[in-house]
Structures are given as structure tokens and as C-alpha cells.
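Coordinates in review
Listed below are the residues making up each chain.
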There are 2 protein chains.
Amino acid sequence: MNAPDPHAGEPFAERLALTRVPFPASCKAYIPGQLYADLRVPVRDITLTNGEQVSVYDSSGPYTDAQAVIDVRRGLASVRGGWIAGRGDVEHYAGRAPLAGDDGPKSADAARLAALRAEAAALQRPPLRAKAGANVTQMHYARRGIVTPEMEYVALRENGKREWMAQYLADTDREQRLRGNAMGADIPKTITPEFVRAEVARGRAIIPANINHPELEPMAIGRNFRVKINANIGNSAVTSSIEEEVEKLVWAIRWGADNVMDLSTGRNIHTTRDWIVRNAPVPIGTVPIYQALEKVGGVAEDLTWAIFRDTLIEQAEQGVDYFTIHAGLRLAHIQLTAGRRTGIVSRGGSIMAKWCMVHHRESFLYQHFEDICEIMKAYDVSFSLGDGLRPGCASDANDQAQFAELHTLGELTRLAWKHDVQTMIEGPGHVPMHMIEANMAEQLKTCHEAPFYTLGPLTIDIAPGYDHIASAIGAAMIGWMGTAMLCYVTPKEHLGLPNRDDVKQGIMAYKIAAHAADVAKGHPGARARDDALSQARFDFRWQDQFNLGLDPDTARDYHDQTLPKDAAKVAHFCSMCGPKFCSMKITREVRDFAAQRGLAETDAQTLGLELKAAEFQRHGGRLYVPVTPVG
Amino acid sequence: MNAPDPHAGEPFAERLALTRVPFPASCKAYIPGQLYADLRVPVRDITLTNGEQVSVYDSSGPYTDAQAVIDVRRGLASVRGGWIAGRGDVEHYAGRAPLAGDDGPKSADAARLAALRAEAAALQRPPLRAKAGANVTQMHYARRGIVTPEMEYVALRENGKREWMAQYLADTDREQRLRGNAMGADIPKTITPEFVRAEVARGRAIIPANINHPELEPMAIGRNFRVKINANIGNSAVTSSIEEEVEKLVWAIRWGADNVMDLSTGRNIHTTRDWIVRNAPVPIGTVPIYQALEKVGGVAEDLTWAIFRDTLIEQAEQGVDYFTIHAGLRLAHIQLTAGRRTGIVSRGGSIMAKWCMVHHRESFLYQHFEDICEIMKAYDVSFSLGDGLRPGCASDANDQAQFAELHTLGELTRLAWKHDVQTMIEGPGHVPMHMIEANMAEQLKTCHEAPFYTLGPLTIDIAPGYDHIASAIGAAMIGWMGTAMLCYVTPKEHLGLPNRDDVKQGIMAYKIAAHAADVAKGHPGARARDDALSQARFDFRWQDQFNLGLDPDTARDYHDQTLPKDAAKVAHFCSMCGPKFCSMKITREVRDFAAQRGLAETDAQTLGLELKAAEFQRHGGRLYVPVTPVG
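Conventions and cut-offs
- Residues numbered from 1 in each chain as written.
- Chains lettered and ligands numbered in written order.
- Predicted model: local features only at pLDDT ≥ 70, side-chain atom pairs only at ≥ 80, totals over all residues.
- Heavy atoms only, no water.
- Helix = DSSP H or I, 4+ residues; strand = E, 2+ residues; numbered from the N terminus.
- Areas by Shrake-Rupley, 256 points an atom, 1.4 Å probe, with all protein chains shown as cover.
- Buried < 20%, exposed > 50% of the residue type's maximum accessible area, 1.4 Å probe, protein only.
- Pairing = 2+ DSSP bridges.
- Right-handed = clockwise from strand over helix to strand, strands pointing away.
- Core = buried A, V, L, I, M, F, W, Y, C linked by side-chain atoms within 4.5 Å.
- Contact = heavy atoms within 4.5 Å.
- Phe/Tyr/Trp six-rings, centres within 6.5 Å; stacked < 30°, edge-to-face > 60°.
- Lys NZ or Arg CZ within 6 Å of the ring centre and 35° of its normal.
- Axes fitted to C-alpha atoms, helices over the stretch in contact; angles between N-to-C directions.
- Parallel < 35°, antiparallel > 145°, perpendicular 65-115°, else oblique.
- Left-handed = near helix turned anticlockwise from the far one by under 90°.
- Nonpolar A, V, L, I, M, F, W, Y, C, P; charged D, E, K, R; others polar.

**A closer look at the overall build of chain A**
On a plain count of helices and strands, chain A comes out with 24 helices and 17 strands. Carbon and sulfur atoms provide 53% of the accessible area of chain A, an area that totals close to 20000 Å².

Pasting the structure below:
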């Protein structure tokens, strides 16, 4: 894990080729729509060695479809173009004129930027916006009773192929014992397009889907859907390149990132975004204040509403699906951080705090919030209301500053909803286990069940190098309690920029957390994959065990390290116990033995009586067991 | 992480030398006893760059003490020898005569075994046992009101050096908000020797401490003490060697394993154990049925009470501190597993199930339980009552088989306590998050608060290759709820034998889980280390941040990957955000700015009023904010 990225020096094309390899024993399949015939909702079908098929949710986009022809210099094929045009409420327009500062500070290597821009030229399309007076958000349609193709897409995607898990779903006995504790969620057995519409209308779910991002495969974020995860990518002033960022995107969604945020802050920031959005089948989020700050040379107090507004439009035209906006951090909140151990740890939060303090004025984000809404609804960009005052350590968790801002975010949610703008709320951060539930409860109450989108939370502070684990614990718990999307943390958190392997490690930890949450909530069918894998384990179907896992490559590799021979992949034991000590093998022998002897009907009955009696009879100082008197 | 162990081919002596390097900026220190003057309780003092000192719990034994002279071929120096002899209730005796089968099946390389045995000869000592009629368990002393040196040792060790965290402990304001939720635990601010005695007397804690393991640095396992972790090592029929096992022990305790179980099942099993126990400053546990099975050539039905009893004595004489014994798996329970997805997954459980089925007789472990107690109390070996019917997948969690066995373990606990034998209870396994609490509640109730010792639990089944993470989630939660010791899971779980790096990865995940549990429970002082690290982070004391973490090497290495220069270790920014976007830097600027301007007293007051009003006033469609009217 400490090894440097082994692919760091490889050319982009070769690295991308690597990540297009389909998953082992897997095949991309598409579920057709019913309301909308042209829907093709992706799933991944895994064929097992016993002939069964397991079908799983698939965020990887066309990259894992062997049939898809992809040229990252042209971008992905349109999925939603027809649906958007078909609604008749958008128009093409010239778009904002590019400015010199759009790509950040002047590059030392202007020739290189020019080359990148030239390559990106093929990616650009004339932007769309809502016709005058129109509102093109999914929430707006939902509230008018319209089930959009995006909504049906989401419904089919959440359900997946139910055929293979039909037996599981019908097994009511086991379900009874294992039924999850939904913690207030209300997930129907089958998600209908109408259910999606109702959830979006109520604000309890969002479908991030900018009209300028037609390449998007729609997905939902809400507590009554599968828990989603977000991976952050992005260059910074210190390192990274455009090629690496697109590669990270493809790599991140391969392993299961449902959303990707581009947090670039350095050079070539506009052009990087063109590359990312045009090649992204998942929603892309950004923090526009990062780019706005670049435009004013990094001097926070020089920020203006005009520059920020221009940046919003710039990014909305490019197709960004949601914006993190720290509009809940108000001038009056700042003093509440004075006694904190680590002050303000959100980048956006600290920028706005500095602006407010220097000018001694209320945040322009807060004051122009409804102006921002006007932009959001013209492109269907969703709000991700930023938690600029999230705690940066356990010691600052759940303090007055954090909750004062959350309260303001609740107010802003209502304001966004007034404009039918889709909204989710960002959450911490650093929270010890015993304080997690209060966060969720406060968010649900204060923000009216708008989807919660948390970073971790990290449950302890002493694990630098392992914060993906320290935070996966908190993420699993808060996901169970109702958080709709979990923002990943990589092993490099607090230490450096994640490389390729760090991104994968972070995603794996968060796929685990999200799935653990789904299972605990009792999401219908979530546990069917666990059962299929465990059955394969018991049956010594090693290949199936690997292929049903979140990371077949690593599982297979680990097995190979001890028992590399192919024969061992069908062996009825493994390296941990060896053949003599294999409990699963012995269990089979026990079952066979019992079947032969017709044994133990009586034993089971007797045990029942015994348990009722709940105590043992003793005679002569030794245990007396009625079933089998000592011979 | 997928890379093979880079040290795999190195000679033993060199590898051991590696693991004796003291931790960076750290120094071993010893706290003296008060009741017993010769106590030297180890802690690790970390010196920070600002001159402060932080002192942490230290399980690594003399290996990290630069002053200690260690020859693994002679074993560690005695810690407890004088205390044991001083009680006057033990006697030396010839001990059991070695048998040909003690080292497992005949080695193909008899010369090698002979050489290993010859080397181990220097390790052997004449065994001790209780004098006729005596009972030498810590529980026996505790119940007679005796505070042993072991008990004072444990008290001092749990408290650590309180000086450095005095300010933290006195900070009642923060404590009020951050106080943990003890979930029924009752941890005093300061652990006294008398408190330890009372907990041991009541059976709520154990101090595993075989009289034949004088090298032991005593520690406690109980819900009112720090949550502990166990690491498993051991060869198997398929791979490994003695040298590797001792190396794994030293490596495991270096990173924080509080206990180590030797789960060897292959060749040279007796001699391996000599090497491990003689070099172990931590309690060593075993599963004696594994060796007993080797003695009967791996044929479960050939096991007898005589062979098992002989194995218990053999291992008790060697100094094993606790035995996992699956005495709760009764003949009548077996049928309860018939409908399971993965049957019986405990090795010991499956062996006993097979024995019971073939003979159609009650388990000899169950029937001879009081005979076993007689042996345990003659050496102070603790019971770790095994959960032979633990679930092997989510689908089998909390079923009738599991809880029937747990019920029997509760009965056996009472029986063990009748003999003053220290006892803990093993727990699952595979349990989804929403079913964890029922496990803890059932164990507390059924087993009368005897310490719970759980494996994970794994919260999902689909993460082969990452089961250390899938299980750390469950471990943190059940640790918070009351589990006293967490048995680690490595990334190789279900796939292969852990190598050196896997052992470390498993331990790190479990140190995180245990610490998260301590913090959530509100263990006094547990969070002081988090606060010290977070303060270092805010102050840009990078070296301190690394050195206060669980794994300074990895943290430093990760930081170096992006910003390798030494200068960056004192830089007031890092590679994630770069200098312009550093929130912590901006926070400092904000604070300085506020201090200069004498700002915001009024803001804070106004905010208070605002929050009370809990709503905003609106005028003319825009937000009206009384603090800062729009200019």
C-alpha cells in the first residue's frame, strides 16, 4: 500500500486501456424502459460456475462495455440528449464568452495549455439553458406530476434485475429474522417511477442531471434508495495533470463511485473540467468558489458576487451537475469557531470566513442565494449546500458553530425548494461514534429530510494513513441512520494527494460502508449478493467467491499468494486451515452423516425442551444430559 | 497492498532486528508500583517538537526498549517470577514426559526438527503447578480480597501517565459536550488496584496469566478497561515456519496487539509454542483441540478425553495463558445448523460436531468441563469459551444454533466461576450492523457480564480482500457496546494466510476500532491523544502529527510521496490544498484579523439572539440580516 503508483509513468492511452477490461465472468447488460422505450439501464451480469447468474448495480458506464467505442478526446455518446430536447423547454445559445482567467493563473507552459485546449475543442458543444421563464429541474417536473425518463431510469436502476434474487425475496422466514432496521427510511420492495417522482417532488431525493450533461446515466441520491458514494478527484497547485484526472474518473467509477467531484484548484482548471464532464457517465460536482478564487489570484477578499456568478454560469454551461456552495456560513457564525481546536477546516468555509471578516459584511453567497437559485434552475444544477463549519477533529464535533450553520442550511433548503431547485446537505467530517446519531437527527429535523451527504465521518483522529478505515466506520453507521451519499476518504487524507491505488482503497472502504448500511436498513435485495457469495464460499466455488466480491482482482491475487495452483481454485479446502481442519468440509461430512443415519430429529426435540427448562440437572457431581447418558 | 512480503526471504535475525527499532521520537518509560515496589509498568513517551510529552499505552514489550538485551533463543527476562513464587502456593515438578507426537505428524525433515528442538532446549524450564489443594488463579486471589502485583500492574497500565493529560481531564466544559455514552460500562476516572481486584472477583474482567508464563506483562480484558485486540498467528499444514511465527509475534505486538493466539496446526507445533511463549510479553492463547487432532492423525472421531486432557497439561506447562475450548457445542445443537447457508465455520466447532455425530454422544468437552476446570486452576489458565456455532455469513447470524450455544456458555461460565477459573466468551463472526446490539445484549445477560471476545463481526460478506475493513466496522460498534477484546481480521481472511504486511493491516484496522470504541464509551483520557494529534495538525507540526499516529512510518511515507522535501515538514500548508487554499492557514489569519479589530463581540451576541428567534425576517423578497445591512 505504501508503494508508489506502479502506473505513474505510463502514457495515458495505455492506462485508460487498462481500466476498460471487463470484470471477470461479467457482462454488461441493459434493462429496457417501459414508460420510455429508449431507456437502456446498465447492470453487470456475473455468470457463476454453476450456471447461475447474479446481476449487480453498475456505475462504471460504457467503459466496461466491450461493445462501446470510446474516444476520450470526443467524449461519451449522449444518453439524455433526446429526452432533454423532447421536453421543449430548453434553447441553445452562444454561451458565455471564454475569459483569459478561466484556466487559472497564467501557465508557465502556455504552449502546453494551448495544445490541451486544442484537443479539448472537439469536446465543446453549444450550451443549453432553460427558455425564458422555464424551470428545467427534475424537482420542477416532479412537482407538476411528470415522470421523466430520468425518473424511470433511476427506478429500474435501483431495482436491478430481480429475477435472480426472486427466491431470496420470497424467503420470508429468513427475512423475518434478518429484516433490517430501516431507522425511519421507507424503502418499497419495488421502486416504481412514480415513487421516484414523489421522492424528488418532496425533496427527499435528488437526481443530479444538468441539461448540459447528456452523457449522464441518471442516478438518485436519497435515503429511500441505495446508499451512494462520492469520490473526489482534482489537481491542485502542487501536482497532477489533466490526463491523470480523467484516468482517475474512469478508475473511480470502475470500482463503484456513484458520483465524482472535481476539486481542481490549480492550472488548466476549465479545460480539465471539459475533459472530465464529457467523459463522465456519473454526476460531476464542483466547488465553484475554488475557481472563482483562482480568478482573483488567490486573494479571498477580492472575491465578488459578479466573479462568482460568472463562474457558476461557466460551469453550468459545461455540464456540472451539482455545486457545493457554502452559503450557510454567515458572518455571525465565525466567532463561534474561536474556541475550536482546529478552527475552520473547510476550504470553501475558510475562504468565505476570511471574506466576511475582512469586509465585515454578510456572505455574498447568503445574500445572493435566490439569485443563485435562478441560475441553478435554468440548467438543473443541484445544490450541495456546503458545511463550511464542519468540525475538523473530534474535539470540535457537534459544537455550536456546526449546528448554527446547519440551521441556516435548513433555511436555505426551503428557499431552494421555493424555486424547485434540487438540494442536498453536506455533513461532517470528524465525529466520534456516540455523537453520530445526533448529527443525523439534527439534519433530518433541520433540513426537512433533504438528502444528507457526509464526509466520513472519521470516528478518531489518531489514524493518519488509515483514515479511510477510521471514517468508513462512521460512514457505515451514518449511512444506516439515513445519510444518502457518503463522500469517500482515502488513506492519504490529511497527508497528501491520493494516487491511483489510494483512490481505489478509498472507494473500497466506502463501498463496504454503503453496502453495510443498505444491509442494515433492510434494502430489499441488498443482501442477496452476500448470500450468493457465502453460498459460493461454502460450496468451494472459489472463482465465484472472487467474482462476486467488490474487488475480484485482489481476492484472486491474495488467494494465489498462498495457493497459486489452478487446482487449488476448486479444492475443497484452503490455505488457512488445510484439508484436515476445514470446517466447511467437516460440516458437509456431518450433514451427510446425519442424512445417512436419519439422525437427530429426537435430538432437536429434546433440545427444545431443554432450552425451555433453561437449566441442567446434576447428579453426583457431573453433568447429567438426558439426550445421551454417558455410556 | 497486493505486493508480496518484501522481507519474505530475509534471515530471521535480520528481520527481528528490523522490528526492534524504537518508534520515532519515542522512549520507553516505566511507571513504578506503589503497593509493589518492583513493578515496572511500560509506557511509550512521545516527545513533541514543542517540548510537550505524550505518553501512550505500550504492548510492544522489551523489544522497543533500546536498553533491553534480548536473545530469542533464550527467551525474555522474567517479570512475574518473584510474585508467583512469593505467593507460596506453587511447586516445581518434573512435568509431563514429552511424547513423540507432540510436534505433530512425523516431519519429512527429521533433522530439521531435531535442530529446532535443540535450539529450543535453552528455552525450557521446569514447570510450576499449584500445590495440592491450592488454586492459583487471579480470580481466586481476588475473591479472597488479595490485590496481587498483577492487579496493581494492570491498574497502572490502564491509567498510564496522567500528568500530560491533566489539563484535558480537567476541561469539564468540553467534557460535558463530548462525554461518551458508556452503554452500561462503568469506568472510573482513575483505575485503582482495588477496582481491578473487584472486577476480577466479579468475573467482569480477566488477567490471563499462567504461572508458567513469567515473561508476561500483565493486562486486563474487561468492559471497564480499554478495549483490547488480539492478533492470530500460527503456521498451518500448508505453509510457514517457526522463525516466521516468532517474527510475527514481535511484529504484531509492536503495532499494538494486546494478545496473540497461536493457531498453529501443522508440524513442529509443540516446539513452535515454546519459542512463542518464551518470547511473548503478551498473553498467548491457543485452541488445544488443534494439537489434539494432530495427535490422532487428523481423524476427529479418534479424539478422546485422555488425549485432550494430556494436551491441556502439555500446553499449560508451556505457559499458555488461555485456552479456547468449544465446550458449549452440544450434540443436540448440531441439528440446529441444518438449515444454515454455511453450516459450522469454526474449526474447533466442526471437529467437535463431527465427533459428536459419529459417536452419537454428548461432547466430551462438555461432559468433562469440571475436570478441565481442575487443570485450569492449577496453572491459572483462563477459559476462552469458544463459539463453535458462530455464524459464517450474514444469513446465519443470530440464529437458534448460535444462541443455543451461547446459552450453554453462560451455564459453563457459572461452573468455571465455581472453581474460580477466569473466563471470557467468544463471539461472532458475521453479523450485519442492525443485529450487533442483540448479540451484545444476549451475551451480557446470558453470560453474566463475563468479558466478550468477538471476531469482528463482519458486517457484510462481499468484501473478500478487505474483510479487515468490513469487520472493523462491526468491531468498533460492538466494542462500544461492551465487547472487551476484539479478535482481528486481516485482508487475507477467507483467502489465504496473512503475511507480515497483512498482520499489520489487520492490527491497524483493529487499533482503530478499539480506540473508536474507547472514545465513544468515554474512557477517561482515551481522546487526549486525538486532541494532541489534532492540535499538532492545526499547528502544522507535521512530525508530531506523524509521531502521535498509530503508524508514524506510513503517515510520514504518505506525506513524502507528494511533498518529499524536509522543508515541507514545517510548511504551513500541504499538498492537498496548496498554500492559497489552506483552510487552517486562513483560519489563523481570520483569528489574527479578529483579534486586531476587536471584532465580533457584538456579532456573537446578535447571533445568540438570532438563534433564539430561530427564524429570519424577510423584507422585499430578500434576506434581511440585522447584523450587516446590505450596503
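**Focus on the pairing of strand 9 (residues 259-262) of chain B**
Residues and elements named next belong to chain B. Residues of strand 9 alternate between two faces, with N259 and M261 on one and V260 and D262 on the opposite face, all of them buried. The sheet contact formed by strand 8 (residues 228-233) and strand 9 spans four bridges and is parallel. Counted as the bridge partner of N230 is N259 from strand 9. Looking at chain direction, strand 9 and strand 10 (residues 284-286) are connected through two bridges and run parallel. Along strand 10, the bridge assignment pairs V260 with I284. Regarding topology, helix 10 (residues 269-278) serves as the crossover connection from strand 9 to the parallel strand 10, and that connection is right-handed.

**Description of the nonpolar core**
Counting residues in each nonpolar core, the largest one holds 326 residues, and the members touching the most others are F308(A), F383(A), F308(B), F383(B) and M433(B). Aside from chain neighbours lying at most four places away, what touches M433(B) is A476(A), M477(A), W480(A), A516(A), A517(A), A520(A), T459(B), I473(B) and M477(B).

**Quick look at the packing of aromatic side chains**
What the rule picks out here adds up to 20 aromatic pairs over all chains. Both rings, one in W542(A) and one in F546(A), keep their centres 6.2 Å apart while their planes meet at 40°; by these two values the pair is tilted. Here F546(A) and W542(A) lie together in helix 21 (residues 542-548), a separation of four residues that amounts to about one turn. Side by side, W542(A) and F546(A) carry an identical accessibility label, which is buried. Plain terms: the ring middles of W305(B) and F308(B) are 6.4 Å apart, the flat faces sit at 35° to each other, and that makes the pair tilted. Taken together, the residues W305(B) and F308(B), both in helix 12 (residues 305-318) and three residues apart, mark about one turn of the helix. Judged by relative accessible area, which is 16%, W305(B) ranks as buried. Among the aromatic side chains, those forming a connected cluster through ring pairs are W305(A), F308(A), W355(A) and F364(A). Residue placement shows R40(B) over the ring face of Y30(B); its charged tip is 3.9 Å from the ring centre. The ring of Y558(A) has K492(B) lying over it, and the distance from NZ or CZ to the ring centre is 5.2 Å.

**Quick notes on the packing of helix 16 (residues 400-418) of chain B against helix 17 (residues 436-446) of chain B**
Residues and elements named next belong to chain B. In the contact formed by helix 16 and helix 17, the axes pass within 9 Å of each other and the chain directions differ by 30°. Relative to helix 17, the element helix 16 lies roughly parallel. At the point where helix 16 passes helix 17, the crossing takes the right-handed sense. Contacts from Q402, F403, L406, H407 and G410 of helix 16 reach helix 17 at A438, N439, E442, Q443 and T446. Residue classes in the contact of helix 16 with helix 17 are distributed as three nonpolar, six polar and one charged.

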